[in-house]
Amino acid sequence: FAREVMSRHFGVKLTPRKLPNWPKLFDMASIDGTIVGEAVFFAPSEKRTIFLSGRLAHITEKVWLLEKTVAKTKFLVFGGDAEVPREWLKKYGKFASEIKFFAIADNVAIQLN
């Protein structure tokens, strides 16, 4: 679902793809590798404070991998609990300005940063 929404958003078909010389299969990438992204879903939880540090670390891992690519457009798209990426951006966003964060709401990508 995220792939369909983000393909519409960028106006190009995104598919699961490995970039040249990369061992990782990215969730979404354009055929020319200029756009690359990952999808993350966080289910809402009543134990939010217990899970928050692990979820923030998961985002950090995705950001780190995306930063290492040569893609012009790098993004993360989130489903579920959009407060987690907002919290990450509040704490660490200034360190990852080249990564765009999106949340999916009502079948549309909403940029968070």
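These numbers were taken from a predicted model, which means no experiment stands behind them.

Student: I keep staring at the overall build of the protein and nothing clicks. Help me out?
Tutor: Of the regular secondary structure elements, the protein holds three helices and six strands. N-terminal to C-terminal, the α/β element order of the protein is α-β-β-β-α-β-α-β-β. If you line up the protein on its principal axes, its C-alpha atoms span 40 × 30 × 25 Å. Per-residue burial for the protein yields a buried fraction of 44% across its 113 residues. Of the accessible surface of the protein, which amounts to about 6,600 Å², a share of 55% is contributed by carbon and sulfur atoms. Charge centroids of the protein, computed over 18 positive and 12 negative side chains, lie 4 Å from each other.

Student: Explanation requested: the sheet that holds strand 5 (residues 99–105) in the structure shown.
Tutor: Note on sheets: strands pair through backbone hydrogen bonds, and any given pair is parallel or antiparallel. Read from one edge of the open sheet, six strands run 1-2-3-4-5-6, paired in mixed fashion. Two strands in the sheet have a free side with no partner beyond their single neighbour: strand 1 (15–18) and strand 6 (108–111). Going from strand to strand, the sheet's axes swing by 45 degrees on average, the running direction of each strand aside. Of the pairings in the sheet, the one linking strand 3 (residues 35–42) to strand 4 (residues 73–80) comprises eight bridges and is parallel in character. Each residue of the ladder has a partner; that of Phe 41, found in strand 4, is Gly 79.

Parameters at a glance
Residues numbered from 1 in each chain as written. Predicted model: local features only at pLDDT ≥ 70, side-chain atom pairs only at ≥ 80, totals over all residues. Heavy atoms only, no water. Helix = DSSP H or I, 4+ residues; strand = E, 2+ residues; numbered from the N terminus. Buried < 20%, exposed > 50% of the residue type's maximum accessible area, 1.4 Å probe, protein only. Areas by Shrake-Rupley, 256 points an atom, 1.4 Å probe, with all protein chains shown as cover. Lys, Arg positive; Asp, Glu negative; His and termini not counted. Charge placed at Lys NZ, Arg CZ, Asp CG, Glu CD. Pairing = 2+ DSSP bridges. Axes fitted to C-alpha atoms, helices over the stretch in contact; angles between N-to-C directions.

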